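# Per-entry structural report
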Amino acid sequence: ERPPPPAEPDPEGPPRGRAPRAPDPCPRGRVRRRRHRRGQHPRQPRGQHPQRAWYDGSGWGGGGDAVRRGGAGQQARLREDAPGSFVLFDLIRYKPEVGDIIVGRVIEIAPKRWRLEINFSQDAVLMLSSMNLPDGIQRRRTAVDELNMRSIFEENDVVCAEVRGFQHDGSLHLQARSQKYGKLQRGQLLTVPAYLVKRRKLHFHHLEQYDVDLILGCNGFIWVGEHVVVREIADLKEDEQKLSAEAETFTPIETRRHICRLANAARLLSALGFTLTVELIIQTAEASVSSNVEINDMLGAEFYVQTAEGEAKRRGDLLGKKRSIQ
Amino acid sequence: LISGDLNLDSTLPSKLPPPPVFRSSAAPPPQGSPASRRARDDTMVGLSEGEKHFIRGGIAQDLRADGRRRLQFRALTVETGIIPQANGSARVRMGATEVIASVKAELGKPTILHPDKGKVSIYVDCSPTAAPMFEGRGSEELSAELSVGLQRCLLGGKSGAGAAIDLSSLIVVEGKACWDLYIDGLVVSSDGNLLDALAAAIKVALSDTGIPKVNVSLNNETDGEPEVDISDEEFLQFDTSGVPVIITLTKVGKHYIVDATSEEESQMSSAVSVSVNSHGQICGLTKRGGAGLDPSVIFDMISVAKNVSQRFYTLLESAFAAAEAVADE
């Protein structure tokens, strides 16, 4: 329930009759302004409201994180000054922002769009017009393009895309316009809690020493796969024919070892609850190599404890350095 | 390895290849890896062609998605006595698969055909927490399949001969009173290899079971029913050395894997579950999946399962010993 608005004492008593209307600021035409209803930001889509809400002491502050940044838009926190304040937010679910790089799985092909499942309450939409055509020409999408959507992405394909904006019902609008976005093949997809992946400048990581692509999706989907040389999409059709003649085109065993090690490192770190960064994942994988831990045993108790201890030591050192600087 | 696939036009070799060499993996009971799949509204999560290709390649190259070899098990954890009201219970975790088995004993009347034997019934249920499709009646087919598979392995023939548990030890008064054992399995979290996990859980639960001792007073037989006095103090433990475990071999492409995750199971052409006891004898055999298998392939799978079961027994025993140590503390 909303708290009642603060009562202002009115010496004249309640106003009688209709209040005089203010002069029209734009005499030529009426400018439609969205009413700023109390507690709701004008541009905030309604669908997002139940997800993030906190009682601000003066009303319900709507989830304005997507629009407000900086000091005012910090994450919901407990405010001890406002009595009766509490925080209600969902940690595990992904909290989308415009410009996020996410990894999703196609679940449905709808007219002129693909619906992707990302770790969110609603499915995201990738419009056909937001996707590069196979021949790379910028043109209007015709009915033939619409019929050939399946040749670009099929059901259950893993796709990397960028958040373009929100739709009116709160679901996400995606785009995959540049060459580095698109279908992900030859690798494995992991799921971790979304809050473990922080927003950084780079989410695509090409690890040259392993020849592996590592994509940390902000929604908690992590892709570890063979490195794909960014090239014309027309070549992908040859790849698909090659996939059918399987045995010759399996991922080479060395690359596969690196992929499995990195994937296990990511699984281990998410089980420990550490924030996932490329440096930490690579560091954990290299620690496992130097400690002669088998890839499979990386998920075992000994390496688990070893990693936790290593991280505790590192944080202790960091804290010690900070203190000595201060 | 020989493949029974029909689309191979090469001739089959004349003798079976030798069984593969195993690495010993004496892993201590560790944390299970977090589940990397998520449940959807209607079916299990799908996999893209690229991911399927990756899984098949991993199995062909002997390096699966989480780094295991083809014949290596996931981390196995065991807890006993988790259901205090039951006579025996156990929870088994293999990676992300988690199952609970409970054994309850009640006094009943033996059947007229076998007045000197007790009764055992096994039933498996899949909880909706494992997958949304298990809600309501969605899990009936899978539960029935698992129950029947376990019954075939553990209960022996119609006359009760060859059962894993000695049914004559369940008798209280011949012809009048016997113990009925109700073994219930619950699938809490499903990530493949349910049959193996359930069989292991039942074996551990039976080891944990204590049947109360009964004192029968024979003088009061006016109504034909002898008086039985169930003691709360003394308990009889079962001898579970004869209880077998089940090893499921999943065939993907030309190779077999043990302890498949649900992603790997989605790629299987067929799966053979072999129930082996500690003496190396086969107690039951189930084949799932539509693809046909050459008989030599089945024999090869049986011999591989026998070899693997030795390792599984040691794994299970060390996990059980660890669980007992924790329980004693």
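What you are looking at is a predicted structure, and each value in this text was computed from that prediction instead of being measured.

Calculation rules
Residues numbered from 1 in each chain as written. Chains lettered and ligands numbered in written order. Predicted model: local features only at pLDDT ≥ 70, side-chain atom pairs only at ≥ 80, totals over all residues. Heavy atoms only, no water. Helix = DSSP H or I, 4+ residues; strand = E, 2+ residues; numbered from the N terminus. Buried < 20%, exposed > 50% of the residue type's maximum accessible area, 1.4 Å probe, protein only. Contact = heavy atoms within 4.5 Å. Areas by Shrake-Rupley, 256 points an atom, 1.4 Å probe, with all protein chains shown as cover. UniProt positions renumbered as here; feature names shortened; annotations may be inferred. Pairing = 2+ DSSP bridges. Axes fitted to C-alpha atoms, helices over the stretch in contact; angles between N-to-C directions. Expected span 1.5 Å × (residues − 1). Phe/Tyr/Trp six-rings, centres within 6.5 Å; stacked < 30°, edge-to-face > 60°. Parallel < 35°, antiparallel > 145°, perpendicular 65-115°, else oblique. Left-handed = near helix turned anticlockwise from the far one by under 90°. Nonpolar A, V, L, I, M, F, W, Y, C, P; charged D, E, K, R; others polar. Core = buried A, V, L, I, M, F, W, Y, C linked by side-chain atoms within 4.5 Å. Polar contact = N/O pair within 3.5 Å; in protein donor to acceptor, adjacent residues only side chain to side chain. Domains from an automatic or database assignment. Buried area = accessible area lost by both parts, 1.4 Å probe. Salt bridge = Lys/Arg side-chain N within 4 Å of Asp/Glu carboxyl O.

## Structural notes on the overall build of chain A
Scanning chain A for helices and strands turns up six helices and 13 strands. Per-residue burial over chain A gives 42% buried out of 326 residues. Nonlocal contacts in chain A, meaning residues at least 24 apart in sequence, comprise 62% of its contacts between residues at least 6 apart. Accessible surface, chain A: about 19,500 Å² in total, of which carbon and sulfur atoms supply 52%.

## Examining the UniProt feature "domain: Exoribonuclease phosphorolytic" (unreviewed entry) in chain B
Per the UniProt entry, the sites bearing "domain: Exoribonuclease phosphorolytic" (unreviewed entry) are residues 72–212 and 242–307 of chain B in this numbering. Across residues 242–307 of chain B, the secondary structure splits into 26% helix and 39% strand, with the terminal C-alpha atoms separated by 18 Å.

## Things to note about the sheet that holds strand E12 (residues 282–288) of chain B
Residues and elements named next belong to chain B. Spatially, E10-E9-E11-E12 is the arrangement adopted by the four strands of the open sheet, whose pairing is antiparallel. One side of each edge strand has no neighbouring strand; the edge strands of this open sheet are strand E10 (255–258) and E12. The mean inter-strand angle of the sheet, taken between neighbouring strand axes irrespective of direction, is 25°. Taken together, the six bridges between strand E11 (residues 270–276) and E12 define a ladder with antiparallel strand orientation. The partner of Ser275 across the bridge, within E12, is Gly284. Each of strand E9 (245–252), E11 and E12 touches helix H2 (residues 140–154); the most contacted strand, E12, lies at about 155° to it.

## Here's the deal with helix H6 (residues 301–325) of chain A
Residue and element names in this part refer to chain A. Given a rise of 1.5 Å per residue, 25 residues ought to cover 36 Å, and the 36 Å separating the end C-alpha atoms of H6 matches this to within 8%. Regarding H6, the residues found buried are Phe303, Tyr304, Thr307 and Glu311. Elements that come into contact with the buried residues of H6 comprise helix H4 (253–272) and helix H5 (278–290).

## Observations regarding the packing of aromatic side chains
Residues and elements named next belong to chain A. All chains considered together, the criterion is met by three aromatic pairs over all chains. Judged by centre distance (6.3 Å) and plane angle (70°), the rings of Tyr94 and Phe120 are edge-to-face. Highlighted residues: Tyr94 in the loop between strand E3 (87–88) and strand E4 (101–110) and Phe120 in the loop between strand E5 (113–117) and strand E6 (124–131), separated in sequence by 26 residues. No difference in accessibility class separates Tyr94 from Phe120, as the two residues are buried.

## Here we look at the UniProt feature "domain: S1 motif" (unreviewed entry) in chain A
With numbering aligned to this structure, UniProt lists the feature "domain: S1 motif" (unreviewed entry) at residues 97–177 of chain A. Taken end to end, residues 97–177 of chain A is 11% helix and 46% strand, and its two terminal C-alpha atoms sit 18 Å from one another.

## Focus on the packing of H4(A) against H5(A)
All names here are of chain A. Closest axis-to-axis distance for the H4/H5 pair is 9 Å, and the angle between their directions is 110°. Compared by their axis directions, H4 and H5 come out roughly perpendicular. For the element pair H4 and H5, the recorded crossing hand is right-handed. Contacts between H4 and H5 pair Arg261, Leu262, Ala265, Ala266, Leu268 and Leu269 from the former with Leu280, Ile281, Ile282, Thr284, Ala285, Ser288 and Val289 from the latter. Along the lines of polarity and charge, the residues of the contact of H4 with H5 split into 10 nonpolar, two polar and one charged.

## Thoughts on the nonpolar core
Of all hydrophobic cores here, the largest spans 71 residues; its most connected members are B:Val120, B:Leu150 and B:Val187. It is helix H5 (residues 295–328) of chain B that contributes the most residues to this core, 13 residues altogether. Not counting the four nearest positions on each side in its chain, B:Leu150 is found in contact with B:Ile122, B:Val124, B:Leu155, B:Leu195, B:Leu198, B:Ala199, B:Ile202 and B:Ile246. In this structure, A:Phe120, A:Val163, A:Leu189 and A:Phe204 belong to the second largest nonpolar core, which totals 33 residues.

## Focus: the environment of A:Thr251
All names here are of chain A. Mapped onto the secondary structure, Thr251 falls in the loop between helix H3 (234–244) and H4. Residue classification places Thr251 among the buried residues on the basis of a relative accessible area of 0%. Remark: the alpha-carbon pair of Thr251 and Val212, spanning 39 residues in sequence, is separated by 11 Å. At 3.0 Å, the side chain of Thr251 and the side chain of Glu226 are in polar contact.

## With respect to the domain arrangement of chain A
All names here are of chain A. Here chain A is partitioned into domain 1 (57–90), domain 2 (92–184) and domain 3 (186–230 + 251–326). On a C-alpha basis, the centroid separation for the pair domain 2 and domain 3 is 27 Å. With 21 residues of domain 2 at the contact, the number on the domain 3 side is 15 residues. Buried surface at the junction of domain 2 and domain 3, both sides included, amounts to about 1,500 Å², of which 71% is carbon and sulfur. Joining domain 2 to domain 3, the criterion identifies two salt bridges. Taking the shortest distance from any N to any O, the salt bridge between Glu97 and Arg199 comes out at 3.8 Å. Summed over the shared surface of domain 2 and domain 3, the number is four residue pairs in polar contact (both at pLDDT 80 or more). Counting residues per element, the side of domain 2 that touches domain 3 draws most heavily on E4, which supplies five residues. Counted by class, the side of domain 2 that touches domain 3 contains 11 nonpolar, three polar and seven charged residues.

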